[in-house]
Structures are given as structure tokens and as C-alpha cells.
Amino acid sequence: MSLLSLLNLLIRSTRKNPLVIATVPLLILTTGCSGLKISSQPAVSSKTAIAASVFPNQEKVDKNQTLNPEKSSEQIIAKGQTCIQGNPLDESTKFALQAANLAQTAKSQSEWDEVARLWLQAVAWMQAVPGNSPKRAFAEKKVIEYMRYLTYSQQQAARSGSVAQFPSFDSEPLDQQLQLYLSYLSTVGTPDILIVGSSRALQGVDPAQMQQGLARKGYQNLKIFNFGVNGATAQVVDYILRKVLTPEQLPKLIIWADGVRAFNSGRIDRTYDAIIASQGHQKIAAGIRPQLAKNEPSSQTKCYQLPGSCKEQNSPKFQFEMSNFIPTDQPGEPSYQNLFYRPSELKISANLVSLDAIEANGFLPLSSRFNPKTYYQQKPYVSGTYDGDYRAFNLGGKQARALDSVVAFTRSNNIQLVFVNLPLTDDYLDGTRWSAEVEFQQQMQQLSQEYGFIFIDLSEKALTQYQYFADPSHLNRYGASLVSREIIANPSIPWPRSRS
């Protein structure tokens, strides 16, 4: 696993437990540069990083300056493999300054990758400030700040990536989830369990929680991916499973998590209509499906300059010297404050449901908790009578035909289908919506017995417990964890065994 991937996992963990940040140096410092081979022809951005390490007091490096790549690489390796008796704050600040400078002009994916590498090294050095240093409290705050910049640079790298080889389906959520899923297939392999549905599934079923729970039940190493797509109706799910993906890209167990809104044929199906009118669909209609890249592109090994664990031979403990942490006022020395981006310069979207927050397993974790008193101060209350998702309510028609199609497709491909009716708040279920919910439950119970798929009704779970919801009809990460536990506890589901 790469250092960037490792730190991504840690970033998610810190949202649950801020103390996890203390584990960063234990994981990062053991990695270093040992065993890495440096290409004799580094990219321009790599030369910039090398030059900055050779000439650390320069805020910006002349791109036209000629370097000896082989010699510079050896210097970095030597520094990464040995204990550096230096000031971690100085080292961290130098990397942060390089990252901030490069970020002002970065446009390409490779440039933003380099920014991220520099922030990663800045984090590692700042975290290396000893616990008994008077500068430790300041350093801890800087680590959190730098990790935000690291996350931002990773997001920019993703946005600046090469144009997708397959045309758009005119649905950004579908385009992004498809790209992520194809990358998942290339990296991890075909999942054992696939979760599909609308944004309610995307936010409402946590693959990691399911994986952990199933492992405790003896189902080890199961791969689980959440392919939830905002606005996905039964027609959209049917299209993805039968038209976009191939049978080889599908698992032996599909969990369709959603609710009545996805099956109302009276509503306007904007997502499906946009897909059918897209250039992506034109390719599908011509018999061309999205494909994985056949070959890995040639890559250059990157070397990280990270702090080592410095110990004296005669002492098992790190010997802290106060003189190492006395700042100098010499001209050209880096300052520890006000060096980097201002929040206004980051241009991070204030949208709490940003697709950037989707994890590598496709899940969108939201931490916000639904509070009717404050929620409706920002958004108007819409009753079921005026809700477009319940317009001309009809459980027959095109959405019913799409359900029939999914059932027939999964049966013919020997895929077990499980439908989970996700919970809603009692605040959301007014008279109109409750009537539709009851009709839907009765129909799904009947169809599951007739067609042979498994129907799990969680619609009355946690109805009044708003802390499990991000809004009246969408679960947050805590509700998703609860739902995941409910699903794996169901004795009727024949869980697969890991393919690996």
C-alpha cells in the first residue's frame, strides 16, 4: 500500500477518533526509502522536489537549473535511510513551503500528485516533533492543518486526471462511481458483494462495517463495494447491471438497498432520461461497454524523505536536545506561521454531500445528524402531497418492469438478490408517504415470495432516532453502521466465501 493510500485511511480514522493521528509517525517512519529504486530520469516535478531538498533555503527552485538526478537521488536515499539529527519543524516547514509554492501553479495530475507528496512529507516531519518538546502542541495543530491541505491536493489530483476514455452518461454520480468501480476491479478484483441503489444506498450501507461484521461470523476477507448512485431508480439499477457492467464484473450476491421512491412509475425519472440521451448510452447501444485499462502505464518510483527514529547507541530512549528547537532569526530561515494557503484560497465546496467524500469502497459517509428544529430553518418542509418523487404514485409500469428485468437477470446469472427496504424518519412519513410505504411493503413481500429474492424490511427501524439520519430520508454514517449490522444479522442471506 502506498503512503498516500495509508494516510487516506488514517484521515478517515481521525474523523472517528482524533487520537489516531498519533499513530501516523509509527506507520510512516517505518517506511522510509529503503529498497526503492529511483529512475535515472525523474519527471520535472521530481527534479523540483530534489532541488528543494538540496537547496532547502530556496523558496522556489529555478526550473531551468540543471541537476544531476543520480547524485540527487542518492542524497535523498541516504537521508531517508539514516537518522537525521535536525529540527523536525524546520524540515516540515520547508516541505510545506515547497508544497504551497507548487500549488499556486499546479494544473496537471502529476503536479498535484507532487504537491500531495510534499504535504505528506511535511506531515511526517511535523509529527516527528518529540512529545516532550514545548513545541509539540503547536506541531499537533499543524499536522491537522497539513492533512487538510494533503486531502485538498489529492482531490485536485483526482479532478485534474486524464479525461475518461468512455463518454459521459450525463450523470456525474454515475460517471464517478463507474470510474471508481472499474479502478476497484483493477486493484482489488471483483467484489464478493455489490451494493446498488440510489443515494439512500450510497449513504446507507457501509461496506467496511459489513466486512468487519461478517469476518466476526467466519466470513473472512470478503470484498464489498457500494455502487449507489444519486437519483437511481429501478430503471437505472437495471441499466447499470445489465447494460453497463458485464457478468464477469458482477459478484454472486447483490444487495439492492432503497425504498418506495425508486419504484414509482408516476414520477419523472430524470436520471434515467439523462442517461438514455447521453453519449455514453450511444456507445452502449452500439455494443461498446466501459473497459478497464489493459496495461499499467510506465511509472517512476518516488522516494519520500522522511524522519528516522533517532536513538543513541547507549540509550533506549530518544535524547531530546532543547537546542535543536530554538528558532533562529537569520534571514532566509523559514517561518512557522502564515506560510500557507488561506481557507478562501482552497476553494473547497461547502456542500456537505460532496462526492469527493466517497471512499475507495464506494461508500459516502456523512456525520451530520438530522435535527428538525434546525434543518427546516435552512430548507423548506415539503409534504408528500407536493413531493415529486410521489407524483402520480404507481408501483406498476416502467419501474415494475425494471424490477422484473433485474430479477430475471440475476437468476439467469446465478446471482443471489437481496432487497433491503431502508428506514425513514417519522418526520418524513406523513399520510401520503406512509400510504405509499405500506403498499410498497406489501407488494415487495408478495414479489419476493413469487420471484425468489430475499426481502428485508428495515423501514420501521430507528424511525424516531434522528441521530441516525443526515436528513429526513437519508441515513448518516451511524445509521449506515446500524443498517449494516442489521443486514449481516439476517439469517436468510446465504453469504458467499471469499474468492481469494
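Here goes a summary of the coordinates provided. (Residues numbered from 1 in each chain as written. Predicted model: local features only at pLDDT ≥ 70, side-chain atom pairs only at ≥ 80, totals over all residues. Heavy atoms only, no water.)

1. Looking at the pattern of salt bridges
- Applying the stated criterion across every chain yields a total of eight salt bridges.
- Of the charged contacts, one joins aspartate 389 and arginine 267 as a salt bridge, the two residues approaching to 3.3 Å between their closest N and O atoms. Taken together, the residues span a long stretch of sequence, with aspartate 389 in the loop between helix H15 (372-378) and helix H16 (397-412) and arginine 267 in the loop between strand S3 (253-258) and helix H12 (270-276) at a distance of 122 residues.
- Note on aspartate 389: relative accessible area 22%, which makes it partly exposed.
- Exposure remark for arginine 267: the relative accessible area of 14% places this residue in the buried category.
- Where arginine 433 meets aspartate 387, a salt bridge forms, and the shortest distance between an N and an O atom there is 3.1 Å. Taken together, the positions of arginine 433 in helix H17 (residues 431-451) and aspartate 387 in the loop between H15 and H16 put the pair 46 residues apart, joining distant regions of the chain.
- On the basis of relative accessible area, arginine 433 is assigned to the buried category, the value being 2%.
- Connected through shared salt-bridge partners, Arg261, Arg267 and Asp389 make up one network. (Salt bridge = Lys/Arg side-chain N within 4 Å of Asp/Glu carboxyl O. Helix = DSSP H or I, 4+ residues; strand = E, 2+ residues; numbered from the N terminus. Buried < 20%, exposed > 50% of the residue type's maximum accessible area, 1.4 Å probe, protein only.)

2. Structural notes on the sheet that holds strand S1 (residues 193-197)
- Strand order in the open sheet formed by five strands is S2-S1-S3-S4-S5, and the pairing between neighbours is parallel. Of all the strands in the sheet, just strand S2 (224-228) and strand S5 (454-457) have a single pairing partner and so form its edges. Ignoring which end each strand starts from, the neighbouring axes of this sheet average 20° apart.
- Here four bridges tie strand S4 (residues 416-421) to S5, and the two strands are oriented parallel to one another. In the sheet register, phenylalanine 419 faces S5, and the bridge partner there is phenylalanine 455. (Pairing = 2+ DSSP bridges. Axes fitted to C-alpha atoms, helices over the stretch in contact; angles between N-to-C directions.)

3. Regarding the nonpolar core
- Counting 49 residues, the largest nonpolar core has Phe169, Leu194, Phe227, Leu241, Trp256 and Phe263 as the members making the most contacts within it.
- Only helix H8 (172-187), S1, S2, helix H11 (234-244), S3, H16, S4 and H17 provide two or more residues apiece to this core.
- Top contributing element to this core by residue count: H11, with seven residues.
- Aside from chain neighbours lying at most four places away, what touches tryptophan 256 is Val196, Gly197, Ala234, Val237, Phe263, Leu403, Val406, Leu417, Val418, Phe419 and Val420.
- Core analysis: the second largest hydrophobic core is formed by 27 residues, Val205, Phe370, Leu422 and Ile488 among them. (Core = buried A, V, L, I, M, F, W, Y, C linked by side-chain atoms within 4.5 Å. Contact = heavy atoms within 4.5 Å.)

By themselves these figures say nothing about function.
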